[in-house]
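Structural overview for review
Chain by chain, the residues run as shown.
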Amino acid sequence: MTAADAVAVLVVLAVTLYAWSGLADYGAGFWDLWAGGRERGAAVRSMIDAVITPVWEANHVWLVYLLVLTWTAFGTAFASAMTTLYIPLMLAALGIVLRGANFALRKDAARAGRRHVAGVLFGLGAVLTPFCLGAALGGIIAGRVPPGNAAGNEVTSWWNPTSILVGLLAVTMGAFLAAVYLVAEAHRRGLPVLREYFRRRALWTGVVALLCGIGALVALRGDSPEMFERFTTRGGVLLVAGAVLLALTFMRAARGGVRGLRLLAAGGVAALVWAWGVAQYPYLLPFGLTIADGAGAPITQKWMLAWFGVALVTLVPALVTLYVLDQRGELGEDPLTSLEAGEPGDLRP
């Protein structure tokens, strides 16, 4: 394995970590959007707010890491994707801003109506971003992003059956992961009504995500037969492993089980991401740019690996500490800087 291959593995690892954390974070916004009116959805929104407030910024650190890693190590592929897929990527950036700004604003808006409007914008951003990121990834998988500055079609590269279905898969998979995580959180906090609420939603979003995944494979077969064959042969074992783990998650949730639910769901998602990585290897952009041809200078690749080692001993322990403190219930908002809860529909527990 060359240094460039090792950096490419880090790219897939970063996508996996972002799927576990950031995608689930968007999924929480999805459930916030569909929770109902101000009073009917208050308990659900309060739960979501309490769960993601301590960690929502940390959940997206892997997107920053992924961008820095890709533009530094594989500049040609990064520039090609950014210039061909600029429409969905700009929409994804808009969604990130909408989501982050309104998540913060709705907490401290003086009136319940304004908090509700901010909550709707927060939810819309949480749906728009994963769809656009998934559609962009679908365009790359289908081979619609050739190497070169704006070399691909700016519309059909991401607005096609494969990309749309991968975008919908990203939205529904995020909603599924979030529902599974929230089942465990509701159980830990002793909230049986909310545990049942999210359990039911985990089940039906699991079914929808499965249909989107099958649809994406069918569309890919017509769009890029070679990539479809790679998915079903080279990545076939991982595809099956992912399907089995997600099926076990579904069955455990259907029976009301909680223990190990999050690990099963995360394992299933990881297997699907790795199936994509194995199927696409050794191409950065199928089938026009390989890792060897698109990699930067060897010394750059070696420095990227060295800095990954630094991140392992600095960033990872900090994130582990954050999540452990969150699970122990030792993190929360400062009552001196937050408004007091009062009227119906207030988001704070």
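The shown structure was predicted, so the numbers you read here are calculated from the model rather than taken from an experiment.

1. Topic: the overall build of the protein chain
Looking only at helices and strands, the protein chain has 13 helices and 2 strands in total. Against the 2.2 N^0.38 benchmark of 20 Å for 349 residues, the protein chain shows a C-alpha radius of gyration of 20 Å, consistent with a compact globule. Here the C-alpha coordinates of the protein chain stretch approximately 60 × 40 × 40 Å along the principal axes. The burial tally for the protein chain puts 49% of its 349 residues in the buried class. For the protein chain, restricting intrachain contacts to residue pairs at least 6 apart in sequence, the fraction spanning at least 24 positions comes to 80%. Of the accessible surface of the protein chain, which amounts to about 16100 Å², a share of 70% is contributed by carbon and sulfur atoms.

2. Some thoughts on helix H10 (residues 236-254)
End to end, H10 covers 27 Å across 19 residues, agreeing with the expected 27 Å (1.5 Å per residue, within 8%). Within H10, burial applies to Gly236, Leu239, Gly242, Leu246, Thr249 and Ala253. The buried residues of H10 occupy one face: seen down the axis, they fall within an arc of 150 degrees. Opposite the buried face of H10, by more than 90 degrees, sit the exposed residues Val237 and Val240. The elements touched by buried residues of H10 are helix H7 (161-188), helix H8 (192-223), helix H9 (225-232) and helix H11 (261-280). Phi turns positive, to about 85 degrees, at glycine 256, one or two residues after H10.

3. Details of the packing of aromatic side chains
The description of an aromatic ring pair uses the distance of the two centres, along with the angle that the planes make with each other. Counting across every chain of the model gives 11 aromatic pairs. When the centroid spacing of 6.3 Å and the interplanar angle of 80 degrees are considered together, the rings of tyrosine 18 and tyrosine 26 count as edge-to-face. According to the relative accessible area criterion, tyrosine 18 is buried, its value standing at 9%. A relative accessible area of 2% places tyrosine 26 in the buried class. Put simply, the rings of Phe30, Trp31, Trp34 and Trp204 pair up and form one aromatic cluster. Above the face of the tyrosine 197 ring, arginine 201 is positioned so that its terminal group lies 3.6 Å from the ring centre.

4. A few points about the state of the cysteines
Within the structure shown, the criterion is met by 0 disulfides. Cysteine cysteine 132 shares no disulfide, and the gap to the nearest cysteine sulfur, in cysteine 212, comes to 15 Å. Judged by its relative accessible area of 2%, cysteine 132 is buried.

5. Topic: a nonpolar patch on the surface
A contiguous nonpolar surface patch, about 410 Å² in accessible area, is contributed by Val64, Leu67, Val68, Trp71 and Met82. Ranked by residue count, the leading element in the nonpolar patch is helix H3 (residues 61-73), at 4 residues. Tracing the backbone shows valine 64 in helix H3. For valine 64, a relative accessible area of 52% translates into the label exposed.

Analysis parameters
Residues numbered from 1 in each chain as written. Predicted model: local features only at pLDDT ≥ 70, side-chain atom pairs only at ≥ 80, totals over all residues. Heavy atoms only, no water. Helix = DSSP H or I, 4+ residues; strand = E, 2+ residues; numbered from the N terminus. Rg over C-alpha atoms; globule rule 2.2 N^0.38 Å. Buried < 20%, exposed > 50% of the residue type's maximum accessible area, 1.4 Å probe, protein only. Contact = heavy atoms within 4.5 Å. Areas by Shrake-Rupley, 256 points an atom, 1.4 Å probe, with all protein chains shown as cover. Expected span 1.5 Å × (residues − 1). Arc of directions from axis to C-beta. Phe/Tyr/Trp six-rings, centres within 6.5 Å; stacked < 30°, edge-to-face > 60°. Lys NZ or Arg CZ within 6 Å of the ring centre and 35° of its normal. Disulfide = S-S within 2.5 Å. Patch = residues over 30% accessible without salt bridge, like charges linked within 9 Å, V, L, I, M, F, W, Y side chains within 5 Å. Salt bridge = Lys/Arg side-chain N within 4 Å of Asp/Glu carboxyl O.

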